[in-house]
Amino acid sequence: MARLNVNPTRMELRRLKDRLKTAERGHKLLKDKSDEMVRQFLILIKENKKLREDIEKEIAEALRLFSLSAGAPLEVVQAIALPTLTASINVGTKNVMGVDVPYMETARVGNVELPYALCAAPAELDDAILRLTELADRLLHLAEVEKTCNMLADEIEKNRRRVNALEYVMIPQLQETIKYILMKLDENERASVVRLMKVKELEG
């Protein structure tokens, strides 16, 4: 491991020891943060998988019901295009392990009403519309969880690079440089002792 290009002085040695202590403390904190982020990420991944599987089943069932009601009159098809329910979405952020991830909250105004006479359309169409209406909130929650997973994955990767840079580059460099300075200082001390002994010999 290449050492840093510094002057082998006691002041430099003290400065490098302080830097090494800070780097080791930073490495530990980043490692702990990384471990906790991975734990949170795994919890979210499980939630995301379950949500996606449930929603895909619900959508498949709603589409099956739509296909069964394909013979609905034109008036019913036109009525479906008219909204009967208003929803508002509050979008913000929340902090997960130092990462600002999206947070969405939905609020509905009114009740779910079918915009046509029940006798005018097949029962399957009623079920399909009601299922899809109920799915809207869960789809938003799925989008929120998926985006959080993506953002956490990016942050975990960045954090891992920082941990590796400290563990395999900066800390070994500092240790190697400290070792070099200590060796140089020892050499200088021995050289000073030898010079003093020679001076005493000459004076004697």
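A brief report on the enclosed structure follows. Bear in mind the structure is a predicted one, so any value in this text is a computation, not a measurement.

## Notes on the pattern of salt bridges
All told, the structure shown has 15 salt bridges when counted by the stated rule. The partner of Arg52 in a salt bridge is Glu56, with the nearest N and O atoms 3.3 Å apart. Taken together, the residues Arg52 and Glu56, both in helix α1 (residues 10-68) and four residues apart, mark about one turn of the helix. Linking Glu157 and Arg161 is a salt bridge whose minimum nitrogen-to-oxygen distance equals 3.4 Å. Here Glu157 pairs with Arg161, and both are found in helix α3 (residues 123-203), just four residues apart, close to one helical turn. Among the residues examined, Glu157 registers a relative accessible area of 31% and is labelled partly exposed.

## Notes on the packing of aromatic side chains
This model, assessed by the stated rule, comprises zero aromatic pairs. Positioned above the aromatic ring of Tyr180, the side-chain terminus of Arg3 is 3.6 Å from the ring centre.

Basis of the calculations
Residues numbered from 1 in each chain as written. Predicted model: local features only at pLDDT ≥ 70, side-chain atom pairs only at ≥ 80, totals over all residues. Heavy atoms only, no water. Salt bridge = Lys/Arg side-chain N within 4 Å of Asp/Glu carboxyl O. Helix = DSSP H or I, 4+ residues; strand = E, 2+ residues; numbered from the N terminus. Buried < 20%, exposed > 50% of the residue type's maximum accessible area, 1.4 Å probe, protein only. Phe/Tyr/Trp six-rings, centres within 6.5 Å; stacked < 30°, edge-to-face > 60°. Lys NZ or Arg CZ within 6 Å of the ring centre and 35° of its normal.

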